[in-house]
Amino acid sequence: MYVMIDGIEKSFPHKEKGSIKVLDQIHLEVEKGQFVSIVGPSGCGKSTLLYILAGLEKADKGEVRINNKKVTAPGPERVVVFQEAGLFPWLTVLENVTYGLRLKKISKEEAEKKAIEMLKMVHLGNYIHSYPHQLSGGMKQRVSIARALVMEPDILLMDEPFAALDEQTRMVLHKELLDIWKKTKVTIFFITHNIREAVLLSEKIVVFATRPGKIKATFTSTASKDDIVPNDATLKLEQQILHALQDEIEKVLKEEMGDDYSF
């Protein structure tokens, strides 16, 4: 198995309670080139697991192995795309995408050639000399994805990358992400609150229970990756995932609203 997540547990300090366990015995196996989405209520530990995969957080127990090698720190084979594009405002689109390559001591000419090819793949070839403030939100996120992919990672870790975008822009980026995935064969871990997004994009959907976060259910999506329009099968799967999430959503609402909860 390409990615093996074995018994991951993680707690964070809490001023009143001493500590709060956010992940509890996470076991997950992912094949090379697979597109996996993780869905669950806010606070269930989805992003924490992603950061452990990235090597940005350390687990209290358990381990992550990639191609049978234990993850102990960040590595070039794993790149994170965050919800915010995080572009350098003083750099052009081309300079933002070549930034990581230049840190790897790749020549300016080769870095720019690679970056331009990747920007064409995300349909931004005409914007290489633009600055971030001149781009729409969807275009900024495409630059962010290009910046990640130009590093040629084996694993792309995406933390709700389309959450702040309008529905039409999301649909465009869904299609582009799927096209990129097919071309690059990169393994993708995709965090989202959007059930439909998970069903249409991914092959495997992992549903998290909350507080502490643990895997409640796993579903397989057979949706055609050539069409991002829902059909009867995907709508049925959405309902199954929503049913699995319903108790967890209510649990979070009860904790947050207390006596005011009346749904």
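Starting afresh in each chain, residues are numbered from 1 along the sequence in its written order. Restriction of local features to residues with pLDDT of at least 70 applies here, the model being predicted, together with a cutoff of 80 or more for giving and counting side-chain atom pairs; totals for whole chains, interfaces and linings are based on all residues. Water and hydrogen atoms play no part in the side-chain values, which are based on all heavy atoms of the structure.

> Looking at this structure, I do not really get empty space enclosed by the protein. What am I missing?
Empty space among the atoms becomes visible once a probe the size of a water molecule is rolled across them. Only protein atoms enter the calculation, which uses a 1 Å grid: trapped sets of points that fit a 1.4 Å probe without letting it out are cavities, open sets showing protein on both sides within 12 Å along at least five of seven lines are pockets, and any residue with an atom within 4 Å of a point is a lining residue. Grid points are joined across faces, edges and corners, and a volume is the space filled by probe spheres set on the points. This structure, assessed with the given rule, holds one cavity of 30 Å³ or more. Put simply, the largest cavity is a space of about 30 Å³. The wall of the largest cavity is formed by V122, R142, I145, F162, L173, E176, L177 and I180. Contributing elements (two or more residues each) for the lining of the largest cavity: α4 (137-149) and α5 (167-184). Taken together, the residues of the lining of the largest cavity sort by class into six nonpolar, no polar and two charged. Each helix is a run of DSSP H or I of at least 4 residues and each strand a run of E of at least 2, with the numbering of both proceeding from the N terminus. In this count, Pro and Cys sit with the nonpolar residues alongside Ala, Val, Leu, Ile, Met, Phe, Trp and Tyr, while Asp, Glu, Lys and Arg are called charged and the others, Gly among them, polar.

> Explain the sheet that holds strand β2 (residues 18-30) to me, please; I cannot follow it from the model alone.
Sheets are built from strands paired through backbone hydrogen bonds, the pairs being either parallel or antiparallel. Spatially, four strands are ordered β2-β1-β4-β5 in an open sheet, and the strand pairing comes out antiparallel. Each edge of the open sheet carries a strand with a single partner, namely β2 and β5 (69-70). We call two residues in contact when some of their heavy atoms are within 4.5 Å. To obtain an axis, a line is fitted to C-alpha atoms, over the contacting stretch when the element is a helix, and the angle between two such axes runs from 0 to 180 degrees between their N-to-C directions. Packed onto the sheet, helix α1 (residues 46-54) meets β1 (3-14), β2 and β4 (61-66) and runs at close to 120° relative to β1. Each pair of strands is called paired provided DSSP finds at least two bridges between the two strands.

> What exactly am I supposed to notice about the environment of A163 here?
Looking at where A163 falls in the secondary structure, it is placed in the loop between β7 (155-159) and α5. Burial classes follow relative accessibility: with a 1.4 Å probe on protein chains only, a residue under 20% of its type's maximum area counts as buried, one over 50% as exposed, and anything between as partly exposed. We classify A163 as partly exposed; its relative accessible area is 35%. Taking C-alpha positions, A163 is 9.9 Å from I191, a pair spaced 28 residues apart along the chain. Those residues in contact with A163, other than ones at most four positions away along the chain, are Q83 and R170.

> Sorry if this is basic, but what is going on with α1 here?
In an α-helix, one turn spans 3.6 residues; hence positions three or four apart end up facing the same way. In terms of burial, α1 is largely enclosed, as seven of its nine residues are buried. When we look at burial in α1, the residues that qualify are K46, T48, L49, L50, I52, L53 and A54. Backbone geometry just downstream of α1 places G55 in the positive-phi region, at approximately 85°.

> What's the story with the pattern of salt bridges in this structure? I'm lost.
Charged atoms that come close allow side chains of opposite charge to pair. Each reported salt bridge corresponds to a side-chain nitrogen of Lys or Arg within 4 Å of a carboxyl oxygen of Asp or Glu. Inspection of the entire model under this criterion finds twelve salt bridges. R65 serves as the salt-bridge partner of E63, at 3.3 Å between the closest nitrogen and oxygen. With relative accessibility at 23%, the residue E63 sits in the partly exposed group. Given a relative accessible area of 25%, R65 falls into the partly exposed group. Residue E197 pairs with R170 through a salt bridge whose shortest N-O separation is 3.1 Å. Within this pair, whereas E197 is found in helix α6 (residues 195-201), its partner R170 is found in helix α5, the two being separated by 27 residues in sequence.

> Would you take a moment to explain the layout of surface pockets for this structure?
Volume-wise, the largest pocket comes out at about 440 Å³. Looking at the largest pocket, it is lined by 20 residues, and the ones nearest its centre are R78, V79, V80, F82 and A148. At the level of elements, β6 (78-81), α2 (93-103) and α4 are the ones that each hand at least two residues to the lining of the largest pocket. When residues in the lining of the largest pocket are grouped by element, the largest group, four residues, is from β6. In terms of residue class, the lining of the largest pocket is built from 13 nonpolar, four polar and three charged.

That's the geometry; what it means functionally is another story.
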